[in-house]
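Chain by chain, the residues run as shown.
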Amino acid sequence: MPTAVVTGANSGIAHEFVKVLLGEGYKVFAVDRDQGDGLSALQKAGAQTSVLDVTSIDSIGEFKKSQIKDAPLDLLLNIAGIAAGSDVDGLTNSTLDIFQKTFAVNAYGPFFVTQALLPNLEAATKAKIGIVTSRVGSIGDNSSGGHYSYRASKAAANSIGKSIAMDLKDKGIAVLLLHPGYVKTGLLPNATMPPETVLPNEAAEKLWRNVVKPKGMEQTGTFWHREGFELPW
């Protein structure tokens, strides 16, 4: 039975991704910073749940030590993320506190979770790492500005993911950068969403079917839309 770790699984895309992986026969460690109702529901569905704060080195280390231990890890999905609204994350009003909190979750988190679980990934055969970023992290695709800390943190996550892909290429571990598109989640509950917005279950299913499952070492270090087409950096 393959094993997966999914961060941010109490809600949203990560929560639905755990359901997809359970249906695919994975043993899933579903983690979030709080043991909320979402994790409790996933536990009843068959996932192993645990508290893991991706901004805390101690929390990451405790999960490694007490939960996954030395078990081989076939798939790591770094999905936990936060965003400040455009009304507080603009050119004239964003703050150092907003930047630090956003980068801690969206950029530092995937790096340090991956670093801690690297021995587990190396112990598996053809392991994969997925990092959910966002199209707004694309510099080449930026035509609207704004969302400063969120946009910059996702660009940083893309850069980190690319570097991890290059470092792990010789080990046969594929790294995929994932854009779920517009999704109706609690990330920005008051934002006006465009017509192409989907629910979290559709985003998770399409990311799995179009990107994570079929793509491997030939696509390592590249950036993908949920519909299966590559995005510019």
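Residues numbered from 1 in each chain as written. Predicted model: local features only at pLDDT ≥ 70, side-chain atom pairs only at ≥ 80, totals over all residues. Heavy atoms only, no water.

1. Details of the sheet that holds strand 6 (residues 174-179)
Stage number 1. The seven strands are arranged 3-2-1-4-5-6-7 in an open sheet whose pairing can be described as parallel. The open sheet is flanked by strand 3 (48-51) and strand 7 (222-225), the only strands paired with a single partner. Adjacent strand axes in the sheet meet at a mean angle of 20°, parallel and antiparallel pairs treated alike.
Stage number 2. Lying on the sheet, helix 4 (residues 96-122) is in contact with strand 1 (3-7), strand 4 (75-78) and strand 5 (128-132); it crosses strand 4 at an angle near 175°.
Stage number 3. Contacts from helix 6 (residues 200-212) reach strand 4, strand 5, strand 6 and strand 7, with the element oriented near 135° to strand 6. (Pairing = 2+ DSSP bridges. Helix = DSSP H or I, 4+ residues; strand = E, 2+ residues; numbered from the N terminus. Axes fitted to C-alpha atoms, helices over the stretch in contact; angles between N-to-C directions. Contact = heavy atoms within 4.5 Å.)

2. Overview of the packing of aromatic side chains
Stage number 1. For the structure on display, the rule yields six aromatic pairs.
Stage number 2. Between the aromatic rings of Tyr 26 and Trp 208, the centroid separation amounts to 5.9 Å while the plane-to-plane angle is 90°, which identifies the pairing as edge-to-face. Here Trp 208 lies in helix 6 and Tyr 26 lies in the loop between helix 1 (12-23) and strand 2 (27-32), a separation of 182 residues in the sequence. The exposure classification of Tyr 26 matches that of Trp 208, with both residues buried.
Stage number 3. One residue, Lys 215, lies across the ring of Trp 224, its end atom 4.2 Å from the ring centre. (Phe/Tyr/Trp six-rings, centres within 6.5 Å; stacked < 30°, edge-to-face > 60°. Buried < 20%, exposed > 50% of the residue type's maximum accessible area, 1.4 Å probe, protein only. Lys NZ or Arg CZ within 6 Å of the ring centre and 35° of its normal.)

3. Side note on the packing of helix 4 against helix 5 (residues 148-168)
Stage number 1. It is at 8 Å that the axes of helix 4 and helix 5 come closest, and there the two elements cross at 15°. Of the possible angle classes, the one that applies to helix 4 and helix 5 is roughly parallel. Once helix 4 is placed against helix 5, the crossing between them reads as right-handed. Contact with helix 4, carried on its side by Ile 98, Phe 99, Thr 102, Phe 103, Asn 106, Ala 107, Phe 111, Thr 114 and Leu 118, involves Tyr 148, Ser 149, Tyr 150, Ala 152, Ser 153, Lys 154, Ala 156, Ala 157, Ile 160, Ile 164 and Leu 168 of helix 5 and no other residues of that element.
Stage number 2. Taken together, the residues of the contact of helix 4 with helix 5 break down into 14 nonpolar, five polar and one charged. (Parallel < 35°, antiparallel > 145°, perpendicular 65-115°, else oblique. Left-handed = near helix turned anticlockwise from the far one by under 90°. Nonpolar A, V, L, I, M, F, W, Y, C, P; charged D, E, K, R; others polar.)

4. Digging into the nonpolar core
Stage number 1. If you look at the biggest cluster of nonpolar residues, it comprises 30 residues, and the most contacted ones within it are Val 6, Phe 17 and Leu 21.
Stage number 2. Beyond its immediate stretch of four places on either side in the chain, Val 6 contacts Ala 14, Val 18, Leu 21, Val 28, Phe 29, Ala 30, Val 31, Leu 77 and Ile 79.
Stage number 3. In this structure, Phe 29, Leu 52, Val 175 and Leu 177 belong to the second largest nonpolar core, which totals 28 residues. (Core = buried A, V, L, I, M, F, W, Y, C linked by side-chain atoms within 4.5 Å.)

Read these as layout, nothing more, since geometry by itself doesn't imply function.
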